[in-house]
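Below, each chain spelled out in residue letters.
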Amino acid sequence: MSALSFAELGLLLAMLVFPSLQDPTADAIRALTAGDAEQAIRLLTPLAASADASQRTLFYLGVAQLQIGDAASAHTTLTRADHLPFIRSTAVLNRGLAFQIGVAAMRLGRYDEASERFTRLLEVDPEAVEPRLNAGWILLQEDQGEAALMEFERVLEAQPENAIAHYYTGLVHRSNGRFDAARGSYEAALAANEELVEARLDLARLDLDAAAPDNAERHIELVLRQRPTLAEAHFLHGRVALRRGAAEEAAVAFEEALYLDPEHAGALYNLGRAYAAAGGHAEARASLETFAALSTARRQQRRVGLEAMAETRAELRYRQGLEALRAGDAGEAAARFRAAIEAQTRLDNAAGHLGLAAALRLEGEESAAITALERAVEIDPSLAEAQRLLAELYAVVGRADAAEKARLAYQALVASRRSEQL
């Protein structure tokens, strides 16, 4: 597998296979290869608006949208492309489309969908580096650090100088308290790419935690030369200054971090500490009160985000369960519906239990199907069809009284619906 990315391979191949200057997509592709994603979007958007837009046009528009950080639009565009045939189908472009959809899904927090895309790519090409890196990153987000580490190590076997793989490996080691190993991974990442500021910032954090502020300061100075508008670098500079007892210098650094990122909770909190150390108690109180309010808002935002992510995962697994049912694979369907139910952290959806009941019934597990149906009815007592199915299954297992009760409930619900329609 070439070291070029999927997007780069796709762009290069497009220039070779479709070199005609009369191709309306060619200028957009040239803009993308030159790094001008916004120009590519301006050129491709009118073409994509057509009802007969080609998959190729939609593919490059989605890539451009990803490059400017618009993952939601990219996911919509690329998914639309996924349902159309290439005019000249190539394996590279097809894999590139699958990869870019996975990236868009990953950035939207749709980890199950993204993981599925990357897994399929790895089944076709086990040596593909970028899908494996992203699959490992998803595992890391799901607190499966050791499984993620195995993916990163496989990448490093193929590409020992892969800076991102070294950096991600360092994240795993640091999260598991292996700080020396983390330091080695970050240093290896910087040896491969000295401009990887994320690795340098993590080295600074390690030095701060190890009470080595001078080493941390050297790393932070290098980062600020490369990225002077990076809020996190100014925040860490403020922490180092506080450690040295330079409260006013620290306050300036935290203020700069907040100018660049007004919601940086760490900078708000530490700005209060810096003001207090410098004698500004009123300013300290205001900063800490703002920090407390922001922390509450962020906790709420995080909770809502986690719930939305769980519901998205549940929806994907539910659809997979329905597909398995249609294919007659009751075992796979039951597994998918169970996964959908488990993914719901707040809203217990009756649909997942109904699907599970259908799969279990196909497998001949009547008692387990009854349990699933009972849960569905508990969630939504208006489900007439669930009551009818319960009556049938109660009769099969010899629970006559329960069967009669369910039958009467079914009849009552049907009668109620009819009266509402009159």
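Use the structure listed above.
Fair warning: this is a prediction, and the values are worked out from it, not measured in the lab.

Visitor: Where do I start with the overall build of the protein chain in this structure?
Guide: Check the secondary structure of the protein chain and you find 22 helices and zero strands. By residue count, 46% of the 422 residues in the protein chain fall in the buried class. Restricting to contacts in the protein chain with at least 6 residues of sequence separation, those with at least 24 account for 49%. Approximately 21600 Å² of the protein chain is accessible, and the part contributed by carbon and sulfur atoms is 52%.

Visitor: It is not clear to me how the packing of helix α7 (residues 111-124) against helix α8 (residues 129-141) should be interpreted in this structure. Could you clarify?
Guide: What describes two packed helices is the angle between their axes and the distance between those same axes. Contact geometry for α7 and α8: axes closest at 9 Å, N-to-C directions at 145°. Note on packing geometry: the crossing formed by α7 with α8 is left-handed. Of α8, the residues touching α7 (which contributes Tyr111, Ala114, Ser115, Phe118, Leu121 and Leu122) are Pro131, Arg132, Asn134, Ala135, Trp137, Ile138 and Gln141. For the contact of α7 with α8, a count of residues per class yields nine nonpolar, three polar and one charged.

Visitor: Would you take a moment to explain the environment of leucine 108 for this structure?
Guide: Tracing the sequence through the fold places leucine 108 in the loop between α6 (91-107) and α7. Residue classification places leucine 108 among the partly exposed residues on the basis of a relative accessible area of 33%. On a C-alpha basis, the gap between leucine 108 and histidine 75 in space is 8.7 Å, while along the polypeptide they are 33 residues apart. When neighbours within four sequence positions are excluded, leucine 108 is seen to be in contact with Ala71, Ala72 and His75.

Visitor: Explain the nonpolar core to me, please; I cannot follow it from the model alone.
Guide: Across soluble globular proteins, nonpolar side chains have a tendency to be buried as a group. Core analysis: the biggest nonpolar cluster contains 35 residues, and Leu32, Leu66, Leu78 and Phe118 have the highest contact counts within it. Listing elements by their share of this core, those giving two or more residues are α2 (26-33), α3 (37-48), α4 (55-67), α5 (71-82), α6, α7 and α8. With eight residues, α6 is the largest single contributor of residues to this core.

Visitor: Which parts of the structure should I look at to understand helix α16 (residues 265-277)?
Guide: Three- or four-residue spacings in an α-helix give side chains the same orientation, since the helix completes a turn every 3.6 residues. The terminal C-alpha atoms of α16 lie 19 Å apart, and with 13 residues this matches the ideal 18 Å at 1.5 Å per residue to within 8%. Buried within α16 are the following residues: Ala265, Ala267, Leu268, Asn270, Leu271, Gly272, Ala274 and Tyr275.

Visitor: Explain unusual backbone geometry here, please?
Guide: Most of the time, phi is negative for any residue but glycine, and the peptide bond is trans. Notably, aspartate 143 is not glycine yet its phi reads approximately 60°, a positive angle. Its identity as a non-glycine residue notwithstanding, alanine 211 has a phi of 60°, on the positive side. When you line up the elements, alanine 211 lands in the loop between α12 (197-209) and α13 (213-226).

Visitor: For this particular structure, what's the right way to read the pattern of salt bridges?
Guide: Pairing is possible between side chains of opposite charge, provided their charged atoms come close. The final tally for this structure, using the stated rule, is 19 salt bridges. When the shortest N-O distance is used, the salt bridge between arginine 174 and aspartate 209 registers 3.7 Å. One end of the pair, arginine 174, is in helix α10 (residues 163-175); the other, aspartate 209, is in helix α12, and 35 residues separate them in sequence. Residue aspartate 209 is classed as exposed on the basis of its relative accessible area, which comes to 54%. Arginine 205 serves as the salt-bridge partner of aspartate 202, at 2.4 Å between the closest nitrogen and oxygen. Taken together, the residues aspartate 202 and arginine 205, both in helix α12 and three residues apart, mark about one turn of the helix. This pair shows no difference in class: aspartate 202 is buried, exactly as arginine 205 is.

Visitor: How should the packing of aromatic side chains be read in this particular structure?
Guide: Each aromatic ring pair is specified by the distance between its two centres and by the angle formed by the two planes. Under the defined criterion, the tally for this structure stands at seven aromatic pairs. Ring geometry for phenylalanine 59 versus tyrosine 60: centroids 4.7 Å apart, planes at 75°, classification edge-to-face. Just as phenylalanine 59 is buried, tyrosine 60 falls in that class too. When the centroid spacing of 6.0 Å and the interplanar angle of 75° are considered together, the rings of tyrosine 111 and tryptophan 137 count as edge-to-face. Linking tyrosine 111 in helix α7 with tryptophan 137 in helix α8, this pair joins segments that are 26 residues apart in sequence. In this structure tyrosine 111 comes out as buried when scored by relative accessible area, which is 10%. Overall, tryptophan 137 belongs to the partly exposed group, its relative accessible area being 22%. What links up through ring pairs into an aromatic cluster is the set Phe152, Tyr167, Tyr168 and Tyr186.

Procedures and definitions
- Residues numbered from 1 in each chain as written.
- Predicted model: local features only at pLDDT ≥ 70, side-chain atom pairs only at ≥ 80, totals over all residues.
- Heavy atoms only, no water.
- Helix = DSSP H or I, 4+ residues; strand = E, 2+ residues; numbered from the N terminus.
- Buried < 20%, exposed > 50% of the residue type's maximum accessible area, 1.4 Å probe, protein only.
- Contact = heavy atoms within 4.5 Å.
- Areas by Shrake-Rupley, 256 points an atom, 1.4 Å probe, with all protein chains shown as cover.
- Axes fitted to C-alpha atoms, helices over the stretch in contact; angles between N-to-C directions.
- Left-handed = near helix turned anticlockwise from the far one by under 90°.
- Nonpolar A, V, L, I, M, F, W, Y, C, P; charged D, E, K, R; others polar.
- Core = buried A, V, L, I, M, F, W, Y, C linked by side-chain atoms within 4.5 Å.
- Expected span 1.5 Å × (residues − 1).
- Salt bridge = Lys/Arg side-chain N within 4 Å of Asp/Glu carboxyl O.
- Phe/Tyr/Trp six-rings, centres within 6.5 Å; stacked < 30°, edge-to-face > 60°.

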